[in-house]
2 protein chains.
Amino acid sequence: MPEATYNQFCPVAMAAEILGSRWTIVLIRELCAGSTRFNDLRRGVPRMSTALLSKRLRELEAHGIIERRSVEGNSSQHEYHLTAAGKDMTDVIMAIGIWGQRWIDTELHLDNSDPALLMWDMRRSINQGALPLRRVNVQFNFNDVARNEACWWVVSDPEHGVDLCLKDPGFFVDLYVETDIKTMTAIWMGLASVTSALSNDKLLLSGDTDVANGMHDWLGLSLFAPYEKQVAPSD
Amino acid sequence: MPEATYNQFCPVAMAAEILGSRWTIVLIRELCAGSTRFNDLRRGVPRMSTALLSKRLRELEAHGIIERRSVEGNSSQHEYHLTAAGKDMTDVIMAIGIWGQRWIDTELHLDNSDPALLMWDMRRSINQGALPLRRVNVQFNFNDVARNEACWWVVSDPEHGVDLCLKDPGFFVDLYVETDIKTMTAIWMGLASVTSALSNDKLLLSGDTDVANGMHDWLGLSLFAPYEKQVAPSD
DNA sequence: CCGTATCCGGGGGGATACTG
DNA sequence: CAGTATCCCCCCGGATACGG
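The model shown is predicted, which means the values in this text are computed figures rather than measured ones.

Student: I'd like a description of the overall build of chain A, backed by residues and values.
Tutor: Helix and strand counts for chain A come out as 12 helices and 7 strands. For a compact globule of 235 residues, the expected C-alpha radius of gyration is about 18 Å, and chain A comes in at 20 Å, within 12% of that figure. With respect to the three principal axes, the spread of C-alpha positions in chain A is 60 × 50 × 30 Å. Counting over 235 residues, chain A shows a buried share of 51%. In chain A, 62% of the contacts between residues at least 6 apart in sequence involve partners at least 24 apart. Of the accessible surface of chain A, which amounts to about 11000 Å², a share of 48% is contributed by carbon and sulfur atoms. The positive charge centre, built from 22 side chains, and the negative charge centre, built from 31, are 6 Å apart in chain A.

Pasting the structure below:
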């Protein structure tokens, strides 16, 4: 945090002194999305070093945006929770995200999309209510991604929530999803639909027909998917 | 602008790559407030070097947020206008400002408030409709500010708009406003009222009674004044 | 799992001077 | 008025290794 402050009384400038440092906005987004544990936060900001993450968390705490709590029973475990001020920051994050969704040309960013991050975000928005009332295991295969990050399992269990695995959990696979990372990202961001990707042969579903047909329901999208892009894509 | 990008497809992260560099948020605020000329922008971000201002303007242009136009008749004069994308950024600036107004403790910032910046902001929000339909000249005296920035004249003319002068324009003075910089800033930010400052003897008005009595009307406040602070001030 | 400590390079950006 | 040009320091933040 630069003590080289803007020296302005304007609330925008004062808030900008917090938001202006690298990674802070993205980190707050991850906190607003619900992550509370250090390693969960890491998954949402994978390219941020642990040292910097730790530093930013202390800064946010000092600014009264988050609160650090010990997990009961284990004093070396901690959780980071948004304060009232932090929850109120959701409005800021949404405004920023809506602007980005509407005005930033995405082509470039789609190409080097990180599968781990995509799956981490997708996991969070899976709509269990649209899945059968039993354990459902969906295997995602990305055909254009390095082998060690190409295959993911999303296990939805009415009792345990949704789990994301990079190792085969060994369960029966209800649905196989085969696609490339760019298509999957575009769908999740609301720039393409399951239906259109299927008819383009960019997306292949095999397995349980009901689960396959319901994909556009149980696959929740990005919070910003509803906001239509206002600029034409570059290609 | 760091090419060291966040490498995330999330719209929040993509927008944060623009907003995250120093001064950018404050500069966009000034653009949203209506400044279009280089030197007008400077007055809104007085501590920013011209070199950096120029650089940021080029970046904003590259991002499609502003458009640089030549002033007709003089090709060496330029104006910076928000594009549609830039105008849409107003929502982001408002969200940030509202958050700042509600949650940031202002005490520290009020103390080193810059009178030039305050007057520049105040000038913009003067409500001419609440002033007599003639030229009105209000002289502000700050009793705790270095001599060369202590005295300002605000000249409102129905035909020419509102002008701000640091040199005596020589007109008859309709109203003298005597106060300290902290009080004036607090009033403009909505943290104090003209009435309360008068009764505290922090503010002294002399001259035309009508203009004095109407001050809380013609003195428009900060855009963020209506939003109530959610945290108790530190002192 | 949950961080801290330390090193170190690159560049962001402040200051100053100068031009058309 | 509207910027460029240049210097150069400092510190942000990436990388790596290590402790509880």
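There is more to say, and it comes next.
Student: So what's going on with the packing of helix 1 (residues 11-19) of chain A against helix 5 (residues 84-103) of chain B? Residues and values would help.
Tutor: One can describe the packing of helix 1 of chain A onto helix 5 of chain B by two numbers: an axis separation of 7 Å at closest approach and a directional angle of 90 degrees. Comparing their axes, helix 5 of chain B and helix 1 of chain A come out roughly perpendicular. For the pair helix 1 of chain A and helix 5 of chain B, contact is made by Pro 11, Val 12, Ala 15, Ile 18 and Leu 19 of chain A and by Ile 93, Ile 96, Gly 97, Trp 99, Gly 100 and Gln 101 of chain B, respectively. Split by residue class, the contact of helix 1 of chain A with helix 5 of chain B holds 8 nonpolar, 3 polar and no charged.

Student: Break down the side chain of Thr 183 of chain A for me, citing the residues and quoting the values.
Tutor: All names here are of chain A. Secondary-structure assignment places Thr 183 in helix 9 (residues 181-188). Look at Thr 183 and you get buried, because its relative accessible area is 10%. Discounting residues that sit within four places of it in the chain, Thr 183 has contacts with Ala 197 and Lys 202.

Student: Summarise the protein's contact with DNA strand C; cite the residues concerned and give the values.
Tutor: Close to DNA strand C lie 16 residues, the nearest being Arg 37, Ser 54 and His 78 of chain A together with Arg 22 and Arg 56 of chain B. In the interface set of DNA strand C, defined as its atoms within 4 Å of the protein, sugar plus phosphate atoms amount to 88%. The contact in question runs from a phosphate oxygen of DNA strand C to an N or O atom on the side chain of His 78 of chain A, over 3.0 Å. In the environment of DNA strand C, a phosphate oxygen lies 2.7 Å from a nitrogen or oxygen atom belonging to the side chain of Arg 22 of chain B. Secondary structure elements with two or more residues in the surface near DNA strand C: helix 3 (38-44), helix 4 (50-62) and strand 2 (74-82) of chain A together with helix 4 (50-62) of chain B. Across the surface near DNA strand C, the residue classes break down as 5 nonpolar, 6 polar and 5 charged.

Student: Give a description of helix 1 of chain A that names residues and reports values.
Tutor: With 9 of 9 residues buried, helix 1 of chain A is to be regarded as a mostly interior element. Considering only its buried residues, helix 1 of chain A is in contact with helix 2 (24-33), helix 4 and helix 6 (90-103) of chain A together with helix 2 (24-33), helix 5 and helix 6 (107-111) of chain B.

Student: Can you lay out the nonpolar core for me, pointing to particular residues and giving the numbers?
Tutor: Counting 141 residues, the largest nonpolar core has Trp 99, Phe 140 and Trp 218 of chain A together with Trp 99, Phe 140 and Trp 218 of chain B as its most contacted members. The biggest single contributor to this core is helix 5 of chain B, with 9 residues.

Student: Could you give me a rundown of the packing of aromatic side chains, with the residues and numbers involved?
Tutor: Applying the stated criterion to the full structure yields 4 aromatic pairs over all chains. Judged by centre distance (4.5 Å) and plane angle (55 degrees), the ring pair of Trp 23 of chain A and Tyr 6 of chain B falls under tilted. Placement of the pair is Trp 23 of chain A in the loop between helix 1 and helix 2 and Tyr 6 of chain B in the segment before helix 1 (11-19), with the two residues belonging to separate chains. According to the relative accessible area criterion, Trp 23 of chain A is buried, its value standing at 4%. The class of Tyr 6 of chain B is buried, set by a relative accessible area of 4%. In this structure, Arg 135 of chain A is placed above the aromatic ring of Phe 171 of chain A, and the distance from its NZ or CZ to the ring centre is 3.7 Å. For Arg 123 of chain B, the ring lying beneath its charged end belongs to Trp 120 of chain B, and the centroid distance is 4.1 Å.

Student: Now, about the interface of chain B and chain A: what can you tell me, with residues and values included?
Tutor: Across the contact, 56 residues belong to chain B and 56 residues belong to chain A. Of the roughly 4900 Å² buried between chain B and chain A, counting both surfaces, carbon and sulfur atoms make up 70%. Among the residues chain B hides against chain A, the three largest losses belong to Tyr 6, Phe 9 and Trp 99 of chain B. Together they make up 18% of the total. Summed over the shared surface of chain B and chain A, the result is 2 salt bridges.

Student: Which residues make up the relation of the copies chain B and chain A, and what values do they have?
Tutor: For these two chains of identical sequence, chain B goes onto chain A by a turn of 180 degrees and a shift of 0.0 Å along the axis, with RMSD 0.0 Å. Expressed as an axis order, the relation between the two copies is that of a two-fold axis. For chain B, the smallest separation between a C-alpha atom and the rotation axis is recorded for Gly 20 of chain B, amounting to 2.4 Å. Most of the interface of chain B is mirrored in chain A: 100% of its interface residues are interface residues there too.

Student: Summarise the pattern of salt bridges; cite the residues concerned and give the values.
Tutor: Residues and elements named next belong to chain A. Inspection of every chain in the model, using the stated rule, returns 20 salt bridges over all chains. Two residues, Asp 121 and Arg 124, come together in a salt bridge whose shortest N-O distance is 3.1 Å. On the criterion of helical spacing, the pair formed by Asp 121 and Arg 124 is a turn pair, its members being 3 residues apart in helix 8 (residues 115-125). By relative accessible area, Asp 121 is classed as buried at 6%. One salt-bridge network, in which partners are shared between bridges, spans Arg 29, Glu 30, Asp 121 and Arg 124.

Student: Explain the domain arrangement of chain A residue by residue, including any values.
Tutor: Residue and element names in this part refer to chain A. The assigned domain composition of chain A is domain 1 (11-103) and domain 2 (106-218). Computed over C-alpha atoms, the centres of domain 1 and domain 2 are 27 Å apart. Between domain 1 and domain 2, roughly 670 Å² of surface is buried when both sides are summed, and carbon and sulfur atoms account for 47% of that area. At the junction of domain 1 with domain 2, the criterion picks out 1 salt bridge. Arg 124 serves as the salt-bridge partner of Glu 30, at 3.2 Å between the closest nitrogen and oxygen. Mapped by element, the contributors of at least two residues to the side of domain 1 that touches domain 2 are helix 2 and helix 3.

Student: Explain unusual backbone geometry residue by residue, including any values.
Tutor: Residues and elements named next belong to chain B. The backbone phi angle of Asn 7 is positive, close to 55 degrees, even though this residue is not glycine. Locating Asn 7 in the fold gives a position in the segment before helix 1. One non-glycine residue with positive phi stands out, namely Trp 23, at about 80 degrees.

So, how was this worked out
Residues numbered from 1 in each chain as written. Chains lettered and ligands numbered in written order. Predicted model: local features only at pLDDT ≥ 70, side-chain atom pairs only at ≥ 80, totals over all residues. Heavy atoms only, no water. Helix = DSSP H or I, 4+ residues; strand = E, 2+ residues; numbered from the N terminus. Rg over C-alpha atoms; globule rule 2.2 N^0.38 Å. Buried < 20%, exposed > 50% of the residue type's maximum accessible area, 1.4 Å probe, protein only. Contact = heavy atoms within 4.5 Å. Areas by Shrake-Rupley, 256 points an atom, 1.4 Å probe, with all protein chains shown as cover. Lys, Arg positive; Asp, Glu negative; His and termini not counted. Charge placed at Lys NZ, Arg CZ, Asp CG, Glu CD. Axes fitted to C-alpha atoms, helices over the stretch in contact; angles between N-to-C directions. Parallel < 35°, antiparallel > 145°, perpendicular 65-115°, else oblique. Nonpolar A, V, L, I, M, F, W, Y, C, P; charged D, E, K, R; others polar. Near = heavy atom within 4 Å. Polar contact = N/O pair within 3.5 Å; in protein donor to acceptor, adjacent residues only side chain to side chain. Core = buried A, V, L, I, M, F, W, Y, C linked by side-chain atoms within 4.5 Å. Phe/Tyr/Trp six-rings, centres within 6.5 Å; stacked < 30°, edge-to-face > 60°. Lys NZ or Arg CZ within 6 Å of the ring centre and 35° of its normal. Buried area = accessible area lost by both parts, 1.4 Å probe. Salt bridge = Lys/Arg side-chain N within 4 Å of Asp/Glu carboxyl O. Least-squares fit on C-alpha atoms with pLDDT ≥ 70 in both. Domains from an automatic or database assignment.

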